[in-house]
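Chain residues, written in single-letter form:
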Amino acid sequence: DGQTWKYPYLAVGASSCHDCSPCRLWWNEEWGGAEGWYNYFIGKGQCPGGPPDWISQKIVKMHCEGTSLLTINPIQDYIDMWQKLRSADPKQDMINRPGHTDGCWVYRCHQSMENLL
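Predicted model, so just to flag it, every value in this text is computed and none were measured.

Peer 1: Explain the overall build of the protein chain here, please?
Peer 2: What the protein chain contains, in helices and strands, is five helices and two strands. Mapped in sequence order, the helices and strands of the protein chain form the string β-α-α-α-β-α-α. Against the globule reference of 13 Å for 117 residues, the protein chain gives a C-alpha radius of gyration of 14 Å, in line with a compact fold. C-alpha atoms of the protein chain, sized along the principal axes, occupy 35 × 35 × 35 Å. The proportion of buried residues among the 117 residues of the protein chain is 40%. Taking as baseline every contact in the protein chain between residues at least 6 positions apart, the subset at least 24 positions apart corresponds to 61%. Of the roughly 7300 Å² of accessible surface on the protein chain, a fraction of 55% belongs to carbon and sulfur atoms.

Structure representation (structure tokens):
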């Protein structure tokens, strides 16, 4: 439900994981869920497509400030916080696609460490 302030202390919070779409891809694949998230957490105006980098920043920040002892966010969700660092196609940011055998576990970050520092 995205209410990171209600996560149990002995839980691990995560904006996404290796077996699901990174946040930016989820936003585009699950438009109804994205609209619901936007209306609940932002509550004003039209839900933007994309999402814009400020939405990605909010999602990651909410998880980092959540009540769980640990938060582990994939690097793809951190990179998506800045428009200029994003990959051209969020589908390329998938690590695993459960139920598929092709293209799994081949993710490579498109940014060099120097660009991220």
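That shown, we press on.
Peer 1: Looking at this model, I keep getting lost on the pattern of salt bridges. Mind explaining?
Peer 2: Enumeration according to the criterion identifies three salt bridges in this entry. The salt bridge involving Arg24 is made with Asp80; its shortest N-O contact spans 3.2 Å. Here Arg24, found in helix 1 (residues 23-29), pairs with Asp80, found in the loop between helix 4 (75-79) and helix 5 (113-116); they are 56 residues apart in sequence, far enough to count as distant. The salt bridge involving Arg24 is made with Asp93; its shortest N-O contact spans 3.7 Å. In this pair, Arg24 sits in helix 1 while Asp93 sits in the loop between helix 4 and helix 5, placing the two residues 69 residues apart along the sequence. Each of the salt bridges in this network shares a partner with another, and the network as a whole consists of Arg24, Asp80 and Asp93.

Peer 1: Is there a simple way to explain the packing of helix 2 (residues 31-41) against helix 3 (residues 53-64) in this structure?
Peer 2: Two elements in contact, helix 2 and helix 3, have axes whose closest approach is 13 Å; the angle formed by their N-to-C orientations is 75°. Judged by the angle between their axes, helix 2 and helix 3 are roughly perpendicular. The segment helix 2 lies against helix 3, with Trp37, Tyr38 and Phe41 engaging Trp54, Ile55, Lys58, Ile59 and Met62. When grouped by side-chain class, the residues that make up the contact of helix 2 with helix 3 number seven nonpolar, no polar and one charged.

Peer 1: Whenever I open this one, the nonpolar core confuses me. Can you help?
Peer 2: Note on soluble globular proteins: their nonpolar side chains tend to be buried together. Formed by Cys23, Trp27, Ala34, Trp37, Tyr38, Phe41, Ile42, Cys47, Ile55, Ile59 and Met62, the largest nonpolar core amounts to eleven residues. Elements that contribute at least two residues to this core include exactly helix 1, helix 2 and helix 3. With four residues, the single largest contributor to this core is helix 2. Residues within four places of Ile42 in sequence aside, it is in contact with Trp37, Trp54 and Lys58.

Peer 1: Just to check I follow, could you spell out helix 2 for this structure?
Peer 2: Think of an α-helix as 3.6 residues a turn; residues three or four steps apart then line up on the same face. Taken residue by residue, helix 2 has Ala34, Trp37, Tyr38 and Phe41 as its buried positions. All buried residues of helix 2 project into a common sector of 95° when viewed along the axis, lining one side. Away from its buried face, by an angle of more than 90 degrees, helix 2 presents the exposed residues Gly32 and Tyr40. Within two residues after helix 2, Gly43 carries a phi angle of roughly 70°, on the positive side.

Definitions and limits used
- Residues numbered from 1 in each chain as written.
- Predicted model: local features only at pLDDT ≥ 70, side-chain atom pairs only at ≥ 80, totals over all residues.
- Heavy atoms only, no water.
- Helix = DSSP H or I, 4+ residues; strand = E, 2+ residues; numbered from the N terminus.
- Rg over C-alpha atoms; globule rule 2.2 N^0.38 Å.
- Buried < 20%, exposed > 50% of the residue type's maximum accessible area, 1.4 Å probe, protein only.
- Contact = heavy atoms within 4.5 Å.
- Areas by Shrake-Rupley, 256 points an atom, 1.4 Å probe, with all protein chains shown as cover.
- Salt bridge = Lys/Arg side-chain N within 4 Å of Asp/Glu carboxyl O.
- Axes fitted to C-alpha atoms, helices over the stretch in contact; angles between N-to-C directions.
- Parallel < 35°, antiparallel > 145°, perpendicular 65-115°, else oblique.
- Nonpolar A, V, L, I, M, F, W, Y, C, P; charged D, E, K, R; others polar.
- Core = buried A, V, L, I, M, F, W, Y, C linked by side-chain atoms within 4.5 Å.
- Arc of directions from axis to C-beta.

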